2 protein chains.
Amino acid sequence: MAKIKESSTNSINRKFLTDCNLTYAVQLMGGRWKLLILMQLNTERQRYGELKKKIANITERMLTLQLRELEADGLIARRVYAQVPPRVEYTLTDIGREIVPICDALHAWGTRHRSQVAGEVSTLSHESF
Amino acid sequence: MAKIKESSTNSINRKFLTDCNLTYAVQLMGGRWKLLILMQLNTERQRYGELKKKIANITERMLTLQLRELEADGLIARRVYAQVPPRVEYTLTDIGREIVPICDALHAWGTRHRSQVAGEVSTLSHESF
DNA sequence: GCCATTACTTACATTTTTGTATGTATCATA
DNA sequence: TATGATACATACAAAAATGTAAGTAATGGC
């Protein structure tokens, strides 16, 4: 997300993991705010300021960085209107839209996982009395 | 993966993102080597040393850390045999096994994404002559 | 001329993740 | 008594991700 030292083992391992299409895919969507951005854009195309409002807690710097990466990776498209003040709209690309169902599956899995953990916790607290 | 400063904005945002079941799910599988470990265990249960051999480039420290987290999150199970030298086997849990099809979908998406990018590149290099 | 609006950029600090190197416990066997 | 095998643990260092604070450009309206 900033400068990267290409000679480091860390960076070498990142490249190594890019060979596998699975870990490659995770690298593309792995930034902290990326999936939230994609989900927002799945609903409808949105302006920078709208994304900022809808994604609570994100800073302008982070929003910009993640948008830039998503754009560079071809998951979203950026459209600038020649206006002042500026108007910039972001949309999902075709390949970007194709991860939405995967996100839905992940969401469902996360929900199951969480409820299972909650179940175990309540079981434990139940047993401890 | 190490000590976490609970008061930092960074940590607060992590917790905030845990509220969404999608980003929650990504947090559980997001470590650099976690999906490779899960895929290895999907094939069959394996010992620590086997995982180390099969996952090229991973260090013992990283393997241990990621295994610990996966275990703490309930995605894998750890079984210790009372032997010397020690024998420890890892297996997927039920909920851990449930992300395998999602990984397959991600893998397929990654493959499509990569071939599309490659296609664009060759198009560009073609046009530039 | 001054201000408001929008979508950023930049320099810097902090936090987190990842990697390096070395050490540990156990016990059968040589 | 020393050695080898296995699955780690620990202190430390480096790199990367994330966050903070402030500034920028363009232009219409006051």
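Preceding block: the structure.
Reading the values: rules and limits
- Residues numbered from 1 in each chain as written.
- Chains lettered and ligands numbered in written order.
- Predicted model: local features only at pLDDT ≥ 70, side-chain atom pairs only at ≥ 80, totals over all residues.
- Heavy atoms only, no water.
- Least-squares fit on C-alpha atoms with pLDDT ≥ 70 in both.
- Contact = heavy atoms within 4.5 Å.
- Buried < 20%, exposed > 50% of the residue type's maximum accessible area, 1.4 Å probe, protein only.
- Helix = DSSP H or I, 4+ residues; strand = E, 2+ residues; numbered from the N terminus.
- Arc of directions from axis to C-beta.
- Pairing = 2+ DSSP bridges.
- Axes fitted to C-alpha atoms, helices over the stretch in contact; angles between N-to-C directions.

A. A look at the relation of the copies chain A and chain B. Rotating chain A by 180° and moving it 0.0 Å along the rotation axis overlays it on chain B with an RMSD of 0.0 Å. Taken together, these values place the two copies in the relation of a two-fold axis. Interface overlap between copies is the fraction of interface residues in one copy that are interface residues in the other; for chain A against chain B it reaches 100%, indicating a shared surface.

B. Main features of helix α1 (residues 9–18) of chain B. Those residues of α1(B) that fall on the buried side of the exposure criterion are B:Ser11, B:Asn13 and B:Leu17. Seen from one end, α1(B) has its buried residues packed into an arc of 160°, which puts them on one side. Here the buried face of α1(B) lies against α3 (34–43) of chain A together with α2 (21–29) of chain B.

C. Broad picture of the sheet that holds strand β1 (residues 46–47) of chain B. All names here are of chain B. Sheet architecture is open: 3 strands sit in the order β1-β3-β2, paired in antiparallel fashion. The sheet terminates laterally at β1 and β2 (76–81), the two strands that pair on one side only. Bridge count between β2 and strand β3 (residues 87–92): 6 bridges; the pairing is antiparallel. In the sheet register, Ala77 faces β3, and the bridge partner there is Thr91. The sheet contacts of helix α3 (residues 34–43) involve β1, β2 and β3, and relative to β3 the element is tilted by about 95°. Across the sheet, helix α5 (residues 60–72) touches β2 and β3, and the angle it forms with β2 is around 115°.

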